[in-house]
Amino acid sequence: MALYHLLNGQSPRVLDDNDPLPDDGLIWADFIRDDAQGWECWAEPVLGAPIDPKHVSDSLNAQHPSFFDGTSDYDMLVFQGLGPRDEPFPLETRTAAFFMFDRVLVTVRAADNVSVDVVRQRLLDGRIKTPPSPMMLAHAILDAMVDRYLRMREVMDQYFTTLQDELLSPDTPMNDWRSLLDCRREVRRLEALSEGQIDALDAWRRGSRFDWDQRDEVRMRDLAEHVHRVQSHAAAQERDIEAAVQLHFASVAHRTNRVVQRLTVMSAIFFPLTLITGIYGMNFQHMPELAWEYGYYYTLGLLGVVGGGLWWYFRKRRLF
């Protein structure tokens, strides 16, 4: 556990686990989930408030979806952020749980939660102002988590553009479209994840035990609007992927039709030639042309004229 004392106008101070909590300022207790078993045993006697065992279980669940609940003593918000990787696919998430008391924020999160580490370092470096309340400190962390989703949109665009260009290329193997279908599943997951985040933020706004002023409402609407932008972008990407897959199959069908068309034209050219050679290949005794001195050359010329004429006709019609 890392324990910080945040006082307005001063740099955050790191506290020892056994130190009594200061009487003023904001306290932030940051737990790493892998080492957080029994964290409520520290929090309950120090804060003087019971913590629901279900909420403790939710905080230790690394796969818990975004969710809000609370009691008369605290607000609890579970929020899914991105993993440490910058690549959008496969989509990795890291769940963080926020317990907001009157002047204490307890976070339970993964060790590689980038957003929490970024906010902590900014506070220690003095690059952001000290939040006046646990709710505002939680908002700062949530804002950093959502900003990572927003920055991922450009990477997703480039990734999908490259995939779609390769998919529609004539030299692409036939099974490359499966990569795009895998990405479509990930985009749907991102859309559902954003929907859960919006529901959790809305439930927090409506069910919080804290009295929110107008500035708090503006901040929350701004945060929810950013999540909406991520959700809208995911929905747009899903439509683009659907269109790309349809274009891929249409392109494959078009190439197949062109091959079949060329084979059909070649068959149309060689059919009369085969008919002529078949007629003169019959073994009847009385066939006048067989005794003709120039019959062989005449037949070759006829084959050439018929075949060349048909080739010119189909070429003129742009069928070959």
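Structure report, in brief. Per chain, residue numbering runs from 1 following the sequence as it is written. Where totals are concerned, whole chains, interfaces and linings use all residues; where local detail is concerned, this predicted model gives features only for residues with pLDDT of at least 70, and gives and counts side-chain atom pairs only at 80 or more. By convention in this description, side-chain values take in all heavy atoms of the structure and omit both hydrogens and water.

1. Points about the environment of Asp73
Step number 1: Each helix is a run of DSSP H or I of at least 4 residues and each strand a run of E of at least 2, with the numbering of both proceeding from the N terminus. If you trace the backbone, Asp73 turns up in the loop between β4 (67-70) and β5 (75-82).
Step number 2: Along the backbone, Asp73 and Ala49 are 24 residues apart, and their C-alpha atoms lie at a distance of 6.5 Å.

2. What to know about the pattern of salt bridges
Step number 1: For this analysis, a salt bridge means a side-chain nitrogen from Lys or Arg found within 4 Å of a carboxyl oxygen belonging to Asp or Glu. Under the definition given, this model contains 18 salt bridges.
Step number 2: Residue Asp216 is joined to Arg219 by a salt bridge in which the shortest nitrogen-to-oxygen separation is 3.2 Å. Taken together, the positions of Asp216 and Arg219, both in helix α6 (residues 214-280) and three residues apart, correspond to about one turn of that helix.
Step number 3: Using a 1.4 Å probe on the protein chains alone, a residue whose accessible area is under 20% of its type maximum counts as buried, one over 50% counts as exposed, and one in between counts as partly exposed. Judged by its relative accessible area of 31%, Arg219 is partly exposed.
Step number 4: Here the salt bridges share partners, and the residues they tie into one network are Asp30, Arg109, Asp117 and Arg120.

3. Re helix α4 (residues 134-168)
Step number 1: Its 35 residues place the ends of α4 51 Å apart at the C-alpha level, agreeing with the 51 Å of an ideal helix rising 1.5 Å per residue.
Step number 2: To get the bend at a residue, fit one axis to the 7 residues ending there and another to the 7 starting there, then take the angle between the axes. A bend of about 25° at Arg153 is the largest found in α4. Multiplying 1.5 Å by the helix residue count minus one yields the expected span of that helix.

4. Some remarks on the packing of α4 against α6
Step number 1: α6 packs onto α4 with a crossing angle of 15° between their chain directions and a minimal axis gap of 10 Å. The angle between the axes of α4 and α6 places the two elements in the roughly parallel class. Here α4 runs over α6; the crossing is left-handed.
Step number 2: In this classification, Asp, Glu, Lys and Arg are treated as charged, Ala, Val, Leu, Ile, Met, Phe, Trp, Tyr, Cys and Pro as nonpolar, and every other residue, Gly included, as polar. For the contact of α4 with α6, a count of residues per class yields 17 nonpolar, six polar and eight charged. The angle between two axes is taken between their N-to-C directions and runs from 0 to 180 degrees, where each axis is a line fitted to C-alpha atoms and a helix contributes only its stretch in contact. Here the angle decides the label: under 35 degrees means roughly parallel, over 145 means roughly antiparallel, 65 to 115 means roughly perpendicular, and every other value means oblique. Helix crossings fall into two classes, left-handed where the near helix is turned counterclockwise from the far one by less than a right angle and right-handed where it is turned clockwise.

5. As for empty space enclosed by the protein
Step number 1: Cavity and pocket criteria rest on a 1 Å grid covering protein atoms alone: a 1.4 Å probe that fits but cannot get out defines a cavity, protein on both sides within 12 Å along at least 5 of 7 lines defines an open pocket, and an atom within 4 Å of a point defines a lining residue. Grid points are joined across faces, edges and corners, and a volume is the space filled by probe spheres set on the points. Counted by the stated rule, this structure contains one cavity of 30 Å³ or more.
Step number 2: Here the largest cavity defines a volume of roughly 50 Å³.
Step number 3: Every residue along the wall of the largest cavity is listed here: Leu82, Gly83, Arg85, Glu87, Pro88, Pro90, Leu91, Glu92 and Met152.
Step number 4: When its residues are assigned to classes, the lining of the largest cavity shows five nonpolar, one polar and three charged.

Taken by themselves, the reported measurements are silent on function.
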